[in-house]
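Observations on chain architecture
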Amino acid sequence: MIKMMFRILILLLFFGFITPVFASYWSSARIANSSPYIFKSLPGGWHITEGNKLFEYSGAIDVGFSADIWGREVLRVGFSNNSLSEAEAVYEYFDDNSVKQGECYFQFHTRDYVWEPSFRESRCTGPVSLMTEHRGGGGKQDVYIYVLY
């Protein structure tokens, strides 16, 4: 009985030490624009409530990225002390005549080692629909994809 408990303890310790090695230490947000509109972030860009910004793309998201299901990477956030990562941004979108059609609010939230994918309050106003998808986690890159159509 003691031998069996010792073996279980060794296995638990092994997996406890191995988990941090295979964890991803950052998450990213991507926008795949399948709509006929051009998206531009507000001047403030992405707001990071937790974590450290590693990369931010602040240019326009054109309809040319509709063929790529992964879309354009717009933000990469590293975890602070292996904990929470949260970010949010507002993008306005315009038609071919530069007339504003609406806006989209993007938000994501995750925890390192304990993946809690959540898009929380992400939404769009106007004619654009928003679909969200979470890929990765664990040892893979943690990616949040916002598909606009």
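What counts, and at which threshold
Starting from 1, residues in each chain are numbered consecutively following that chain's sequence as written. Only residues with pLDDT of 70 or above have their local features reported here, since the model is predicted, and side-chain atom pairs are shown and tallied only from 80 upward, although totals for entire chains, interfaces and linings are computed over all residues. The basis for every side-chain value is the complete set of non-hydrogen atoms in the structure, without hydrogens or water. Remark: nonpolar core denotes a set of buried residues (Ala, Val, Leu, Ile, Met, Phe, Trp, Tyr, Cys) joined through side-chain atoms within 4.5 Å. Only protein chains enter the accessibility calculation, which uses a 1.4 Å probe. A residue is then buried if its area is under 20% of the maximum for its type, exposed if over 50%, and partly exposed in between. Helix numbers and strand numbers start at the N terminus; a helix is a DSSP run of H or I with at least 4 residues, a strand a run of E with at least 2. We call two residues in contact whenever any of their non-hydrogen atoms come within 4.5 Å of each other. Centre distance within 6.5 Å is the pairing criterion for rings of Phe, Tyr and Trp, where only the six-membered ring of Trp is used; planes under 30 degrees apart are then read as stacked, over 60 as edge-to-face, and the remainder as tilted. Take a side-chain nitrogen of Lys or Arg and a carboxyl oxygen of Asp or Glu: if they are within 4 Å of each other, that pair is a salt bridge. Cysteine sulfur atoms are paired as a disulfide whenever they come within 2.5 Å of each other. One confidence number per residue, pLDDT, is output by the predictor and ranges from 0 to 100. Definition of a polar contact: a pair of N or O atoms within 3.5 Å, with one able to donate and the other able to accept a hydrogen when the atoms are protein atoms, and with sequence-neighbouring residues admitted only if both atoms are side-chain atoms.

In this section: the nonpolar core. Core analysis: the biggest nonpolar cluster contains 23 residues, and F39, W46, L75, Y91 and F108 have the highest contact counts within it. Mapped by element, the contributors of at least two residues to this core are β1 (26-33), β5 (72-78), β6 (84-94), β7 (100-111) and β10 (140-148). Looking at this core element by element, the count peaks at 4 residues for β6. Discounting chain neighbours no more than four positions away, the residues touching Y91 are I31, F39, K40, S41, W46, Y57, I61, V74, G102, E103, C104 and F106.

Aromatic ring pairs are described here by two measures, namely the spacing of the ring centres and the angle between the planes. With the rule as written, the count across this model stands at 9 aromatic pairs. Seen in terms of ring centroids, Y91 and F106 are 5.4 Å apart; in terms of plane orientation they differ by 65°. Their pairing is edge-to-face. With Y91 in strand β6 and F106 in strand β7, the pair connects residues that are 15 residues apart, well separated along the chain. Both residues of the pair, Y91 and F106, belong to the buried class.

For the rest of this paragraph, the subject is the side chain of S41. Examined against the element boundaries, S41 turns out to sit in strand β2 (residues 38-41). If sequence neighbours within four positions are ignored, S41 has contacts with S58, V90 and Y91.

This paragraph deals with the pattern of salt bridges. Applying the stated rule across the entire model yields 6 salt bridges. Ionic pairing is found between R76 and E73, a salt bridge with its closest N-O pair at 2.7 Å. On the basis of relative accessible area, E73 is assigned to the buried category, the value being 11%. A salt bridge links K100 to E103; the nearest nitrogen and oxygen atoms lie 3.3 Å apart. Overlapping salt bridges bring together E92, K100 and E103 as one network.

Our focus in this paragraph is the state of the cysteines. The tally for this structure, following the rule as stated, stands at 1 disulfide. Each sulfur of the disulfide joining C104 and C124 lies 2.0 Å from the other. Taking the sign of the S-S torsion, about 110° here, the bridge from C104 to C124 comes out right-handed. Pair noted here: C104 is in strand β7 and C124 is in strand β8 (residues 123-124), with a separation of 20 residues, a long-range link.

Turning our eyes to something else, we now look at the confidence of the model for the protein chain. Summarising the model, the protein chain shows a mean pLDDT of 80, and 70% of its residues fall at 70 or more. Looking across the protein chain, the model is least confident in helix α1 (residues 2-22), with a mean pLDDT of 52, and most confident in β8, with 96. Note that pLDDT drops below 50 for residues 17-22; the model gives that stretch 5 contacts with residues more than four away or on any other chain.

Now for the side chain of Q107. In this fold, Q107 is placed in strand β7. Within the structure, Q107 has its side chain in polar contact with the side chain of E88 (distance 3.5 Å). Sequence-distant contacts of Q107, defined by excluding residues within four places in its chain, comprise A87, E88, S118, F119, R120, E121, S122 and Y146.

Even without a glycine there, the phi angle at S98 is positive, about 60°. Residue position: S98 is located in the loop between β6 and β7. S98 gets classed as exposed once you look at its relative accessible area, which sits at 58%. At R120, a position not held by glycine, the phi torsion is positive, near 45°. Residue position: R120 is located in the loop between β7 and β8. R120 sits in the partly exposed class, given a relative accessible area of 45%.

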